[in-house]
Amino acid sequence: MTAAQALPMEGSSWNRGRVGMACLIFGESTFFSIFVVAYLFYLGKSLSGPQPQDVLEFPLVATVCLLSSSLTVVWGVRALAAGRRWQAGLGLALTVGLGASFIGATALEWSRLIFQQGLAIDTNLFGTTFYSLVGFHAAHVILGLMMLSGIGVGVAAGKVTAQHAERVEIVSWYWHFVDAVWLVVLTTVYVVGV
Amino acid sequence: MSASSTPGNPSLTGGAGATFAGSIHEWVTTVDHKRLGLLYIGSGLLFFLIGGVEAALMRAQLAMPGNELLEPQEFNRLFTMHGTTMVFLVGMPIITGFGNYLIPLMIGARDMAFPRLNAWGFWMFLFGGLVLYMSYFASMGLYGAGTAPDVGWFAYAPLSGRAFSRGNATDYWVLGIMISGFGSISGAVNMIATTITMRCRGMTMGRLPLFVWMMLVVSFLILLALPVLTAAQVMLLFDRFLGAHFFDTQAGGDAVLWQHFFWFFGHPEVYILMIPGFAYASEIIPVFSRKVIFGYSFMVAATIAIGLVAVGVWAHHMFTVGMGRGLNIWFAVITMVVGIPTGIKLFNWIATMYGGKIQMKTPMLFCIGFLGQFLVAGLSGILLSGAPLNWQLSDSYFVVAHFHFVLIGGLLFTIFAALYYWFPKVTGLMLSEKLGRWHFWLFFVGFHVTFTTMHVQGILGMPRRIYTYPGDRGWAIWNFISSAGVVFQMAGVLCFLAAVVLAFKRPRRAGPDPWNAWTLEWSTSSPPPAYNFLTLPEVRSRRPLWDLKHPHDPDWEHE
Amino acid sequence: METKSELAPEAGVELPASTSAPLYFALGLSMLLASLVTNVLFAWTGGALAIWGAVAWWREMFPHEQKVVEPAQSEAERAPPVKPVPERVRNLVAGQDGHRVRLPLEYHPYSGGLRGGLAGGAAMVVAALLYGLVTDGSPWPLVNGFAALVFPLFGAPPPPDSLSFHPGIAAAAGLLHVSFSLMLGLVYASVLPMLPGHPRLWGGLVAPLAWSGAGFVCLELVDPGSAGRIQWGVFVTLQIIFGMTAGEVISRSRPVQTLQSYPLAARAGLEAEMREDDT
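Regarding the overall build of chain C
When you go through chain C residue by residue, the secondary structure sums to nine helices and four strands. The buried share among the 279 residues of chain C stands at 25%. In chain C, 70% of the contacts between residues at least 6 apart in sequence involve partners at least 24 apart.

See the structure below:
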């Protein structure tokens, strides 16, 4: 009757960092879903061209880069947890590289759309919704890249070690979330929308 | 409750706070959940006074037909700033402040899960509020003078677009609310993480105080609603600065989309503000009825149900825009469904009081006022949810009366109850019971004189947001009565301020547990030390202090 | 609740250290956003402050969280341990005198309610026909008046004149009357046993007066025309005749016990022995 009781979360892997990141991801998802709703709502309602089906090309390379970076980050985090420093650094560097290529591909796409096709944010409803949705996703990719490269530098300098693996894993959740958002954006913009 | 008026309390001023500058430095760098809670509540109360003055000015203008006290433009700014202030800069910080202060104490923790994020959230809220009010001085209006936003607190498109809202006034509204919104979101993340991961031994989810449960639901609603507002505001900014066309009807954009987005935030926001009121009542009513809360699990379930239904009712604010029969019926029915879980709660509070030894202390007075007034608010809400009646009453003073019954009769009364109830814990000093009674009765009378009459003006057809009206409509006498009530309300608030000052001038020590209550915060000293509990507590039931006070009949034998 | 010591708390408790980093980060972000409506200088200052704050925040957390040891309160400042109170607790039991005695321990059977409703309705019809005969020389004015009041609600035309007999109208009015009477009878059967005092008083007088009053006030607001056509004195008298008859018939039916007075095990349908203190 007076035996000591367990802590409520004892034995569970849900510590405050994970719960906090899960909540952040939940909040961010609502943010993105509003932009997705706006994109779908305004689909085909632009009063003037260019229309999505005229100018959009399926971003195969960018998609492959971003999705594969989710795998490399898992690989890197596992290596960090196991204390394999160089492998962890390599995993993170690969992730950052792949993410940067995604951003590069987006930049190329945007410059083509703006300078060759004449589609800017104030051109028509398509431009308005397209640049907001894709732009906010790209901004989140950049934010994730900044965090991952900070950690990567730390690993290279030997400051981030196995004892930080848990926190790095929580950051990697954010990266997976950014990936998942891309799948939604891809479906909305490049599959449903054209 | 302001930061600098707490001399003689070691845990409030601390060691290095001997000098004034040192004390300020301690408060602005603090990451302690109790101090941040007080900062939230204190700045919320300051904004409350500002918002109250704005309301009083508007009532003075409307007291007589054809009054010329205020310019029409000035009136528009006042109702915009009043609404925005009361929702975002009074309601939000005060509920976050109480959550911050009480959640760790109630679940037996030493701090929030993310203390620094907590501090960041507070500063974002405060700077957001300052940015909004900066518009009075800095916004470049058409005539070069500073102007505050004047597009109403829901800033409907296309009025808020570049073409109709020149200058930067509307941008100040967007930016100020957006900045403080980031603060609210971080606060919600923090409260969820704290509640889930920081509970003490034995504090299972089924034993959480109802306050904590309700704040958990509120936090989820914040995560669901606030980012929606942020997204919509970003779109509005894009429209205004980059020439985007989200709400630009000339380029095929849809002004009604803004209404959908805004109310998809706006209606959950009502519950974000109201559920904390339920939370305070659920802690206070049992203590002053000397009975355990009736139907604990049903209270939790009803709160979750309200949270779920809250996200499906937003368009009942939009019956008059012509959504079509199907949507009208859907939103009318779902809105009426809200009455079921809310009714469950009301009955549970009454059942808690039933057969109890009721002590009519000030917090209980405010809670009883809340029960009756919230019932009226709920009933007029059900009336308004009927789309045909809504077409008649929408945007009239009936609606104004309805939501002031919710937010003042419901929320503000429980906030006052909570202030009287937890003030002894926060400062270690009792508030004057006599002034508290004066406060309650003056405010109660003033509230009803002002807002009960507003139902009549609304039925008589007086639209909201008009700056004056002709004398032959039959509205004049009702408006005069409404305005007269403001005097009583202000007198009531002055009684509260006097009680706070008096508590420090003529201190009466409260001791750790002045109300003979049952939750963990009353087991530590008043004010609590920075670490809350020297040894972390361990609980076996929902009322740990009851168990200690009644070892021969502890609660865990009944739960 | 038992207290349980973990470290050696007397020395003090480790808490997160105070820091200005969140303040600078928040100020920087706010200025950055506010620069949209003010000046580009705000953007530069805000950006610099935000970066500075973010770096300071990072250094608070990494590689180890900055903590301070908060000294423990002196014995005198601490809250004394919570002591047991001398009073003993008496638990409420369902059905105990003085508290919650109004649990519906029994109710009247539905059949009684239906019978009562029919009887009340019949008494009301007889009274209405007699009234018509005495005042107007024809039994039908109140029947036609009832139809005139209710039919427009269903979109049917009101009767052409009030004194003569219209078979269709009489049949429809009778049908409505019977259904209203049955519904009210059912409500009486379930509600009357829960009301304190004499059920005949509630059912016969209070309830009819209450709904007549409510009807009077509402109809005056909703449809002043119809309200003017109703003879309210006759209306109230007829309702009371209904209520007295229905209440009398219902209160004569044999009440059925609810499960409220049974122990939990029996209510849950379990076969179990009853403890003495359960009842």
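Comments concerning the overall build of chain A
Looking only at helices and strands, one finds six helices and zero strands in chain A. Going from N to C terminus, chain A has its helices and strands arranged as α-α-α-α-α-α. Principal axes of the C-alpha set define a box for chain A whose edges measure 75 × 45 × 20 Å. The proportion of buried residues among the 194 residues of chain A is 34%. Here the contacts in chain A between residues at least 6 apart in sequence split such that 82% fall between residues at least 24 apart.

A closer look at the packing of helix α4 (residues 141-150) of chain C against helix α5 (residues 167-191) of chain C
All names here are of chain C. Two numbers describe how α4 lies on α5: the axes approach to 9 Å, and their chain directions differ by 75°. Classified by the interaxial angle, the pair formed by α4 and α5 is roughly perpendicular. Facing V143, N144, F146, A147 and V150 of α4, the residues of α5 in contact are I169, A170, A172, A173 and L176. When its residues are assigned to classes, the contact of α4 with α5 shows nine nonpolar, one polar and no charged.

Here's the deal with the environment of W232 of chain C
Residue and element names in this part refer to chain C. Looking at where W232 falls in the secondary structure, it is placed in helix α8 (residues 232-252). On the neighbour-count criterion, W232 (13 C-beta atoms within 10 Å) is partly exposed. Placed 16 residues apart in sequence, W232 and F216 show a C-alpha to C-alpha distance of 8.1 Å.

Comments concerning helix α1 (residues 21-34) of chain C
With 14 residues, α1 of chain C extends 20 Å from end C-alpha to end C-alpha; this agrees with the ideal 20 Å at 1.5 Å per step. Among the 14 residues of α1 of chain C, 13 are classified as buried, and the element is accordingly described as predominantly covered.

Comments concerning the environment of A418 of chain B
Residues and elements named next belong to chain B. Considering the arrangement of structural elements, one finds A418 in helix α14 (residues 397-427). Looking at A418, the number of C-beta atoms within 10 Å reads 26, which means it is buried. In sequence terms A418 and P470 are 52 residues apart; their C-alpha atoms lie 42 Å from each other. Not counting chain neighbours up to four residues away, the residues in contact with A418 comprise F98 and Y280.

Re the packing of helix α3 (residues 110-136) of chain C against α4 of chain C
What describes two packed helices is the angle between their axes and the distance between those same axes. Residue and element names in this part refer to chain C. Following both chains from N to C, one finds α3 and α4 inclined at 115°, their axes separated by 7 Å at the closest point. Taken together, α3 and α4 sit at an angle that is classed as roughly perpendicular. Taken together, the residues of α4 that come into contact with α3 (itself represented by A128, Y131, G132 and D136) are P141, L142 and V143. Per-class residue counts for the contact of α3 with α4 are five nonpolar, one polar and one charged.

Topic: the domain arrangement of chain C
Annotation of chain C at the domain level lists domain 1 (11-70) and domain 2 (109-254). Averaged C-alpha coordinates put domain 1 of chain C and domain 2 of chain C at centres separated by 75 Å.

Details of unusual backbone geometry
Following G49 of chain A, the chain continues to P50 of chain A via a peptide bond in cis, the omega torsion being -5°. For P50 of chain A, the location among the structural elements is in the loop between α1 (16-41) and α2 (52-55). Following A157 of chain B, the chain continues to P158 of chain B via a peptide bond in cis, the omega torsion being 0°. Structurally, P158 of chain B can be placed in the loop between α5 (115-138) and α6 (169-197). With phi around 65°, R465 of chain B is a residue other than glycine that occupies positive phi space. Within the secondary structure layout, R465 of chain B lies in the loop between α15 (433-459) and α16 (476-505).

Re the interface of chain B and chain C
Listed by partner, the interface residues are 49 residues for chain B and 40 residues for chain C. For the side of chain B that touches chain C, the elements supplying multiple residues, two or more each, are α2 (20-28), α5, α6 and α17 (544-549) of chain B. Of the residues forming the side of chain B that touches chain C, the biggest block, ten residues, is contributed by α5 of chain B. When the residues that make up the side of chain B that touches chain C are grouped by side-chain class, the tally is 27 nonpolar, eleven polar and eleven charged.

Side note on the confidence of the model for chain A
Per-residue pLDDT for chain A has a mean of 92; in total, 98% of the residues score no lower than 70. At the level of individual helices and strands, chain A shows its lowest average pLDDT in α2 of chain A, which scores 91, and its highest in α1 of chain A, which scores 96.

So, helix α3 (residues 60-81) of chain A
Residue and element names in this part refer to chain A. Taking 1.5 Å of rise per residue, the 22 residues of α3 would be expected to cover 32 Å, and the 32 Å separating its terminal C-alpha atoms lies within 8% of that figure. Within the span of α3, buried status applies to A62, L66, S69, T72, V73, G76, V77, A79 and L80. Taken together, the buried residues of α3 touch α4 (85-116), α5 (125-156) and α6 (165-192). One or two residues past the end of α3 sits G83, with phi positive at roughly 85°.

As for the environment of A79 of chain C
Residue placement: A79 of chain C occurs in the loop between β2 (67-70) and β3 (106-107). For A79 of chain C and F146 of chain C, which are 67 residues apart along the polypeptide, the C-alpha to C-alpha distance reads 73 Å. Those residues within four positions of A79 of chain C in sequence are excluded, and the remaining contacts are P512, S523, T524 and S525 of chain B.

What about the confidence of the model for chain C?
Residues and elements named next belong to chain C. Looking at chain C as a whole, the pLDDT averages 81, with 82% of positions reaching at least 70. The lowest-confidence element of chain C is helix α9 (residues 264-267), averaging 61 in pLDDT; the highest-confidence one is α1, averaging 96. Scored below 50 in pLDDT, residues 1-7 makes 18 contacts in the model with residues more than four places away or belonging to other chains. For this predicted complex, the interface score ipTM comes out at 0.94, alongside a pTM of 0.84.

Thresholds, definitions, all that
Residues numbered from 1 in each chain as written. Chains lettered and ligands numbered in written order. Predicted model: local features only at pLDDT ≥ 70, side-chain atom pairs only at ≥ 80, totals over all residues. Helix = DSSP H or I, 4+ residues; strand = E, 2+ residues; numbered from the N terminus. Buried ≥ 20, exposed ≤ 12 C-beta atoms within 10 Å, placed from the backbone. Contact = placed C-beta atoms within 7 Å. Axes fitted to C-alpha atoms, helices over the stretch in contact; angles between N-to-C directions. Parallel < 35°, antiparallel > 145°, perpendicular 65-115°, else oblique. Nonpolar A, V, L, I, M, F, W, Y, C, P; charged D, E, K, R; others polar. Expected span 1.5 Å × (residues − 1). Domains from an automatic or database assignment. pLDDT = per-residue confidence, 0-100.

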